[in-house]
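Listed below, chain by chain, are the residues.
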Amino acid sequence: MDLGLKNKVAFIAASSDGLGKAVAMELANEGATIIINGRNKTKLENTRNDIEQAYNTKVLAISGDLANSEEREGVIKTIFSHYSTIDILVTNTGGPPSGKFEDLSMDDWNNTYKLLLASTVSLIKAILPGMKDQHWGRIIAITSQAVKQPVDNLILSNSVRASVAGLMKTLASELGEHNITVNNVMPGYTKTNRLLSLIESNPSFKSAIDEIPLKRFGNPEEFAAAVTFLASERASYITGTSLAVDGGWIKHIL
Ligand SMILES: NC(=O)c1ccc[n+]([C@@H]2O[C@H](COP(=O)([O-])OP(=O)(O)OC[C@H]3O[C@@H](n4cnc5c(N)ncnc54)[C@H](OP(=O)(O)O)[C@@H]3O)[C@@H](O)[C@H]2O)c1
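Attention here is on the structure that accompanies the text. Everything quoted here is computed from the prediction, not taken from an experiment.

Here we look at the site of the ligand
Move 1: In the neighbourhood of the ligand, 30 residues make up the surrounding shell, with Ser16, Leu19, Arg39, Arg161 and Thr192 lying closest.
Move 2: Contacts to the ligand include Lys43, whose side-chain N or O atom sits 3.3 Å from an oxygen atom.
Move 3: Out of a free accessible area of 880 Å², the ligand has 91% covered by protein chains.
Move 4: When contributions to the shell around the ligand are tallied by element, the ones reaching two or more residues are helix H1 (18-29), strand S2 (33-38) and helix H6 (193-201).
Move 5: Its residues placed into classes, the shell around the ligand shows 8 nonpolar, 16 polar and 6 charged.

Topic: the side chain of Thr93
Move 1: Secondary-structure assignment places Thr93 in the loop between strand S4 (88-91) and helix H4 (106-134).
Move 2: With relative accessibility at 15%, the residue Thr93 sits in the buried group.
Move 3: In this structure the side chain of Thr93 is engaged in a polar contact, spanning 3.3 Å, whose partner is the backbone oxygen of Leu115.
Move 4: Every residue in contact with Thr93, bar those within four places of it in the chain, is listed here: Ala14, Leu66, Leu115, Leu116 and Ser119.

With respect to the nonpolar core
Move 1: In this structure, Phe11, Ile35, Leu89, Ile139 and Val182 are the most contacted members of the largest nonpolar core, which totals 30 residues.
Move 2: Only strand S1 (9-12), strand S3 (59-63), helix H3 (69-82), H4, strand S5 (137-142), helix H5 (155-175) and strand S6 (180-187) provide two or more residues apiece to this core.
Move 3: Considering each element in turn, this core owes the most residues, 8 residues, to H4.
Move 4: The residues contacting Leu89, other than those within four sequence positions of it, are Phe11, Leu123, Ile124, Ile127, Met131, Arg138, Ile139 and Ile140.
Move 5: The next biggest cluster of nonpolar side chains, apart from the first, holds 28 residues, and it includes Leu19, Ala24, Val90 and Ala224.

Each value, and the rule that gives it
The residue numbers shown here count from 1 along each chain, following its written sequence. Selection of residues for local features in this predicted model requires a pLDDT of at least 70, selection of side-chain atom pairs for listing and counting requires 80 or more, and totals for whole chains, interfaces and linings are taken over all residues. Note that the side-chain values use all heavy atoms of the structure and ignore hydrogens as well as water. We call a residue near a given molecule or strand whenever any one of its heavy atoms falls within 4 Å of it. Polar contacts, as used here, are pairs of N or O atoms within 3.5 Å; protein pairs need one atom able to donate a hydrogen and one able to accept it. Residues neighboring in sequence count only if both atoms are side-chain atoms. Surface accessibility in these figures is a Shrake-Rupley result with a 1.4 Å probe; residues are shielded only by whichever protein chains are displayed. Strands are runs of DSSP state E lasting at least 2 residues, helices are runs of H or I lasting at least 4, and numbering of each runs from the N terminus. Under the grouping applied here, Gly and all other residues not named as nonpolar or charged are polar, the nonpolar ones being Ala, Val, Leu, Ile, Met, Phe, Trp, Tyr, Cys and Pro and the charged ones Asp, Glu, Lys and Arg. The classification of residues rests on relative accessible area computed with a 1.4 Å probe and restricted to protein chains. Under 20% of the type maximum is buried, over 50% is exposed, and intermediate values are partly exposed. Contact criterion: two residues are considered in contact whenever any of their non-hydrogen atoms come within 4.5 Å of each other. For this analysis, a nonpolar core means a set of buried residues of the types Ala, Val, Leu, Ile, Met, Phe, Trp, Tyr and Cys, connected via side-chain atoms within 4.5 Å.

Below is the structure:
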């Protein structure tokens, strides 16, 4: 199947490692033009080199903390100093701290709002006018299986990510007439540094394998394949969906 991704310009937020990096690699593999981002400049440069060498392409790497409004504005400005329009936007950041309700402060809640919801809203706001002008766009949010089934000890993620899912579903209705699809992809337990650090801080995360029908954690490449399909021309009639890539962990019928 030709995914029709050649020369599409894709900005993958928070993509110097983990799920975002895997998505950037797969989109590059399909011939898309890639823009990556992360806070740590050395890690970001290494990822840029990895993608450029693997796919013989040029990658734009823009450092900046997407939870910080000033830095985020800087990232957006740099994007538009290189490209007039972004065809594919993948929103993402690192995850919020783990913990139960009484472990967490109001600052933790406010910071999680900035990290998960404000970053998503403002990237979409910036990139939307160009997508509308060209009557084509793909907006994909990386959220979590926690949107459909709360994960123990992750109350911040369970609560605030649901608002991102609500945003995506609503935008799918609002933007359909502009031929812009809006989807939410929910990773399950996937082998990245985020999962390793959750397991380190709370070994009970490791036993989650018993609750996964496929009896293993996912690989970032398996997640990236789903995102890449949704970003493609071939997914032109899929919008407003929440797709789990979770090895079957979520326990609901539909
Ligand atoms: N892996 C899983 O099992 C799993 C499951 C469900 C949901 N999720 C969620 O999916 C998202 C990605 O997870 P992951 O496993 O890929 O995490 P990861 O391995 O920790 O990678 C996160 C990436 O995002 C960058 N980043 C983090 N915070 C950022 C920020 N504020 N601004 C810009 N870049 C930022 C990191 O680089 P720098 O640190 O240099 O910025 C890194 O490149 C997270 O929100 C996570 O909670 C993951």
